Amino acid sequence: ETNFFGFYNSKEKLTVGVYQIFRKQLNIVLSNVWVAKGFGKDPSECLFNDFRVHMPLPKDATLGDYSLANGLHVKALNPPMDYDIQYTSEDGECVLDVQYEGLMPPYDIADPNMDPITAKRTQDHLAKAQGFGTAYNGHLDQSGRYTGKMILRGKEYEFNEISTMDHSWGPRPEFESDNMTWGHVHAEPDFAIHTIFQIDPIKDPVNYGELAHGYVMEGGECYGLVDGKGRCIKREGYQQKEIEVEVVDIRQKTYSYKGRALTSYPWLAWPSVCGYQSLNEVTLNDGRKAYGECQDFLSMPYMTRPDRPAYG
């Protein structure tokens, strides 16, 4: 099972990731706390990174309340809506005190009553409802507000912006996984667009593949996507620098946006997978400014075997 809390300060052009993979069968947990600013070209080019792969999983740990040996404590204050995230690094150089308030119920991508694309796949017997490998047998996305602060090597940063978290469960192979781009944008006070697309940037570095899942959050309500397309109109290597996306929700409302990266970071999310992450400033089709993250997840075997057939 995984927890991901990703948040940012758009004025400072700074992103923070707090990510855990729990392997209960082995009683271990991978945990990564990182802070990125600027345009990093390798994993060392960030402000902070605490990456632990084989920490013991405490016997009394639950997803609603866990404390890890790296100084991270996550507690669900109002499950499954609100969380408290506390972290003090072993060297004391990074301290996080952040609260997350869910602005919508968790969006279950495998629930045909919630996700119209899954409902169509199930009805047409096209594929597994979730559309990806076993790591996404179960998956929730949720947009909410992060507030709090971080002190990094004596400098204080504040957070008060909408972003998106997720939670996955299912067998997660370490050698190879399916490629995807996981992205979202947010505008005040309570608007979000979240998308998951298939991608194959070796064969087509510009156009995204099929829309797998997504939603529009507006006025505290969530509306599943029925269609969408995306393009990465500028890349440097695998790192996206300019994007454009158009989606249609279940109300037949169309939204689109164009954006550029304010940061980029090749995040080593788990063994054998790199998430080419960026914080983007975008303009919505109604003229509003919005901010959000884009993460292109690519497996190392895929990137080192460029003749690999698309999507296995």
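Details of the structure are given in the entry above.
All of the points below concern the structure found in this document. Treat the numbers as computed from the prediction; the structure is a model and nothing was measured.

Thoughts on the packing of aromatic side chains
Scanning the entire structure with this criterion turns up 20 aromatic pairs. With 4.8 Å between their ring centres and 55° between their planes, Y100 and Y146 make a pair best called tilted. In this pair, Y100 sits in strand β8 (residues 94-102) while Y146 sits in strand β10 (residues 138-152), placing the two residues 46 residues apart along the sequence. A single burial state applies to Y100 and to Y146, both of which are buried. By the ring-pair criterion, three or more aromatic residues cluster together here, those being F4, Y19, W34, W182, Y265, W267, W270 and F297. In this arrangement the basic side chain of R251 is found over the ring face of Y223, its NZ or CZ atom lying 3.6 Å from the centre.

A short note on the side chain of S163
By the secondary structure assignment, S163 is in strand β11 (residues 155-169). Separated by 2.8 Å, the side chain of S163 and the backbone oxygen of G6 make a polar contact. Among residues more than four places away in sequence, those in contact with S163 are G6, F7, Y8, Q142, S143, G144, Y146, H184, H186 and E293.

Comments concerning the environment of G148
Relative to the helices and strands, G148 resides in strand β10. Judged by its relative accessible area of 22%, G148 falls in the partly exposed class. Between the C-alpha atoms of G148 and L96, which are 52 residues apart in sequence, the distance is 7.9 Å. With near-sequence residues (within four places) excluded, G148 lies in contact with D97, V98, Q99, Y157, E158 and F159.

Cut-offs used in this document
Residues numbered from 1 in each chain as written. Predicted model: local features only at pLDDT ≥ 70, side-chain atom pairs only at ≥ 80, totals over all residues. Heavy atoms only, no water. Phe/Tyr/Trp six-rings, centres within 6.5 Å; stacked < 30°, edge-to-face > 60°. Helix = DSSP H or I, 4+ residues; strand = E, 2+ residues; numbered from the N terminus. Buried < 20%, exposed > 50% of the residue type's maximum accessible area, 1.4 Å probe, protein only. Lys NZ or Arg CZ within 6 Å of the ring centre and 35° of its normal. Polar contact = N/O pair within 3.5 Å; in protein donor to acceptor, adjacent residues only side chain to side chain. Contact = heavy atoms within 4.5 Å.

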